[in-house]
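Working through the structure, step by step
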Amino acid sequence: QVHLVESGGGLVQAGNSLRLSCAASVRAFSPWGMGWFRQAPGKERALVGGIRWSDGDTYLEDSVKGRFTISRDGAKNTVYLQMNGLKPDDTAVYYCAARSASGYDWRWEAEYDIWGQGTQVTVSS
């Protein structure tokens, strides 16, 4: 059984950066894609972006374009979320998730098979 483990969250001041990691617990890990989601206090969980595992092509929501990037390291079975220019509105629990097929929409949580436990990111003003 594959587990996803996020790390790298923490408390930062606005304008600073964090890099989140999401590592798969097995050697042979080859999803179709990986997504990053976040859930802010009192809000529903929402997509941040995703990455296609085969070629590294990424999708980012407009709210984070130009500030966040997603990358992956196949040798380490790890996907990263680099967050620059953090704002207080980025405060949330961040989750990674794996999907085994292209599906219809990066945003559809039902199309993800495996979820990590989440890591807290808090941005102070």
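Residues numbered from 1 in each chain as written. Predicted model: local features only at pLDDT ≥ 70, side-chain atom pairs only at ≥ 80, totals over all residues. Heavy atoms only, no water.

1. Some points on the overall build of the protein chain
Convention followed: Starting at the N terminus, helices and strands are each numbered in turn, a helix being any DSSP run of H or I of at least four residues and a strand any DSSP run of E of at least two. In this treatment the radius of gyration is a C-alpha quantity, and the globule benchmark scales as 2.2 Å times the residue count to the 0.38 power. Note on classification: 1.4 Å probe, protein chains only; a residue is buried when its accessible area is under 20% of the maximum for its type, exposed when over 50%, partly exposed between these limits. Residue contacts follow a heavy-atom distance rule, with two residues in contact if any of their heavy atoms lie within 4.5 Å. Neither His nor the chain ends contribute to the count of charged residues, in which Lys and Arg are positive and Asp and Glu negative. Just so you know, the charge point we use is NZ for Lys, CZ for Arg, CG for Asp and CD for Glu.
Secondary structure summary: the protein chain contains zero helices and eleven strands in total. The helix and strand sequence of the protein chain, counted from the amino end, reads β-β-β-β-β-β-β-β-β-β-β. The C-alpha atoms of the protein chain give a radius of gyration of 13 Å, which matches the 14 Å a tight globule of 125 residues would have. For the protein chain, the spread of C-alpha atoms along the three principal axes comes to 40 × 25 × 25 Å. Counting only residues that meet the buried cut, the protein chain has 43% of its 125 residues in that class. Sequence separation of at least 24 residues holds for 56% of the intrachain contacts in the protein chain that already meet a minimum separation of 6. Within the protein chain, one finds 13 positive and 13 negative side-chain charges whose respective centroids are separated by 5 Å.

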